[in-house]
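Report on the structure
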Amino acid sequence: MLAYSLKRLLLAVLVAVTVSVGSFALLRAAGDPAVAMAGHSATASDIEFIRETYGFNRPLPVQYADWLVKALQGDFGESLYFRMPVSRMLADKLPTTMTLGGLALAFALCVGLPLGIIAAIRPNSWIDRTALLISVTGQAMPTFWFALVLVVLFSITFPLLPPSGSGTWKHFVMPTVVLGYYATPAIMRLTRAGMLEVLASDYIRTARAKGLHPAVVLLKHALRNAVIPVVSLSAVQFGFMLGGSVVVETVFALHGTGQLAWESISRSDLPTVQAIVLVLSSFYVVLSLIADLLNAWLDPRIRVA
Amino acid sequence: MTPILEVEGLCVDIPTPAGTLHAVRDVSFRVGKGEILCIVGESGCGKSLTSLALMDLLPGRARREARRLSFAGTDLGTLSQKAMRNLRGNRMAMIFQEPMTSLNPAFTIGNQMAEALRCHTRASAAEARERAAELLALVGVPAGRDRLNQYPHQLSGGLRQRVMIAMALMGSPDLLIADEPTTALDVTIQAQILHLLEDLRDRTGLSIVLITHDLGVVAQLADRVVVMYAGSVVEEGPVDEVFGRPAHPYTRGLLDCVPVPGRTPPGSLLGSIPGVVPSLIGAIPGCPFAARCSFAADACLTRQPPLRPAPLQPAAGHSFRCVLEGSA
């Protein structure tokens, strides 16, 4: 297990380095940073001054190393639009996005896992059909539309929940449901497929032949094996939610990284975009690592590989 | 010998789109204490479903019916699910054909063995582990105590089947049902496992129902043998009687298919039984073997005769199901 963990960790570091090169190259490929920083009305000598001041005239590898060392210390430079440190902006927005992503994933797991399990125990029953209906709806319904329907229902018709903002837990209920519902179908279908396959396996028959309680057979022997692909999927889903919750954040006016990323792209605020890409992809790498380690813990055969 | 298991009129039906499949048809047999009963027959004759029906482990839609299904005086037919669970894996245990896939890959051997005891008794984790280690030694797993922390994928097929047997013994069962336990193993390992089963019977007085299609296994191990064909018992009796003086044409056909060292002349053709097993969907009007039987008469096509004592030694408990006089 230790050897496997170290191997995975090394791999994760390599991926993270690749990602950092990518996000550094992104800024340079988008154009001359000195021109972007100087603005429209700048003269050639202004641009040259900025190039000197920020060291854009140095060789690229040196600039990359300099940027990476600073980024590792939490210094992502200054936003071109707000003229404030990107790190402070991120510290402001990240908690909201992380909370939303975490809650949405928890929602998706809480709905998707039990429904998938029940659907697998009684395939083609009414509950299986209902679960299928829920998952097809979840996949087909546009997020922004579902969000607006919820707002109409629970903020206007029945004024129970605030329609926007991020002050209290109440603000997170509808965004969580919308974002979580979008992730539910895949988790449910994968759980169902995994459970169906595992429940037909020989070791489940052995477990029943031992006289174990059906709940033990189901939750210990079957679920542990069926849930392995769901773990990997959840990590991917969580990563996706961190970066892809723009629509939900915009509809509910939650000031998270999704919204910041979208606005920064439209303002060509390259240092901010670069920092968000780097931070979110690093989270993604960490999540994949956690999923891999969790799977190795669940299935001893993976540890050997 | 007092019977530990009495089966009378066991039927297993499986509904299919084409009609009801009668996989096991009115099967009756008894297993005495410390006896090894072999149920033999070709693939699809209902022998595995018979064994699963005894354990109440039939797959999904299969339905079990029996006039009498008695284990150590307990009527299994009327038992609640919970009471059946208490017997299963405890006083009656089962091992399966596929040792490679019959153990859960995610848990250690020790964990899986211990739970077999702990779900039936108040044994502590340490006690269960201790018993698991003892049993692994009993079934001949080398370095058994270290194996408790190993996972199934770290063990060979033969070792896994030994672990399965040890696991089945955790509750000190009176009856072990073994469904083709050696089919998936190498020949040398097969012999070891069979020897182990016999040894366990001799040492612990365990009764064994062994399901197999291998007549060599039957001859080596069985006290009594039940020959099944198309869901029905066609012949039953002490193994020496049935193999020495087979009364049913199907049993004779089966025995002709197996070479016997010293008796089968080198280069001679082995027997084979022409034709195929009839469909088990719906009723079979006459003897199910009639279409493949070289002795079949007109009566065989309309009437299935009852099991009756074999004429040569009626007292031996040897019976068969054929209109012929059963002269081998």
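Going by the structure above, here's the rest.
Please read all numbers here as calculations on a predicted model, not as lab measurements.

Another point: the pairing of strand β9 (residues 207–212) of chain B. In regular strands, side chains alternate between the two faces of the sheet. All names here are of chain B. Most of β9 is tucked away, with six of its six residues classed as buried. Going residue by residue along β9, you find Ser207, Val209 and Ile211 tucked away on one face and Ile208, Leu210 and Thr212 tucked away on the opposite face as well. Judged from the five bridges that link them, strand β3 (residues 36–40) and β9 form a sheet pairing that is parallel. By the bridge assignment, Leu37 is partnered in β9 with Val209. You can see the chain leave strand β8 (residues 175–179), run along helix α7 (residues 187–204) and come back into β9, and the turn it takes is right-handed.

A few words on unusual backbone geometry. Residues apart from glycine generally show negative phi values, whereas peptide bonds are mostly found in trans. With phi around 50°, Ala253 of chain A is a residue other than glycine that occupies positive phi space. With respect to the element layout, Ala253 of chain A can be found in the loop between α12 (246–251) and α13 (257–266). Phi is positive for Asp26 of chain B, which is not a glycine, with a value near 55°. Topologically, Asp26 of chain B is positioned in strand β2 (residues 19–32).

The next point concerns the pattern of salt bridges. For the structure on display, the rule yields 23 salt bridges over all chains. Residues Asp174 of chain B and Arg91 of chain B are paired through a salt bridge, measuring 2.7 Å at the closest nitrogen-oxygen approach. Taken as a pair, Asp174 of chain B in the loop between α6 (157–168) and β8 and Arg91 of chain B in the loop between α2 (81–87) and β7 (92–95) lie far apart in primary sequence, 83 residues in all. Under the relative-accessibility criterion, Asp174 of chain B is labelled buried at 18%. Put simply, Arg201 of chain B and Asp202 of chain B hold a salt bridge, and the shortest N to O gap is 2.9 Å. Classification of Arg201 of chain B as buried rests on a relative accessible area of 14%. Judged by its relative accessible area of 53%, Asp202 of chain B is exposed. Here the salt bridges share partners, and the residues they tie into one network are Arg58, Asp66 and Lys70 of chain A.

About the cut-offs
Within any chain, residue numbers begin from 1 and follow the written order of that chain's sequence. The naming scheme follows written order: chains are lettered A onward, ligands numbered 1 onward. With pLDDT at 70 or above as the cut-off, local features in this predicted model cover only qualifying residues; side-chain atom pairs require 80 or more to be listed or tallied, and sums for whole chains, interfaces and linings still use all residues. Only heavy atoms go into the side-chain values, all of them from the structure, while hydrogens and water stay out. Exposed residues in this analysis have more than 50% of their type's maximum accessible area, buried residues have under 20%, and partly exposed residues fall in between, with area computed by a 1.4 Å probe over protein chains only. Every helix listed is a DSSP run of H or I at least four residues long, and every strand listed is a run of E at least two residues long, numbered separately from the N terminus. What makes two strands pair is DSSP finding at least two bridges between them. Here a crossover is taken to be right-handed if, once the strands point away from the viewer, the path from the first strand over the helix to the second is traced clockwise. The rule for a salt bridge is simple: a side-chain nitrogen of Lys or Arg has to be within 4 Å of a carboxyl oxygen of Asp or Glu.

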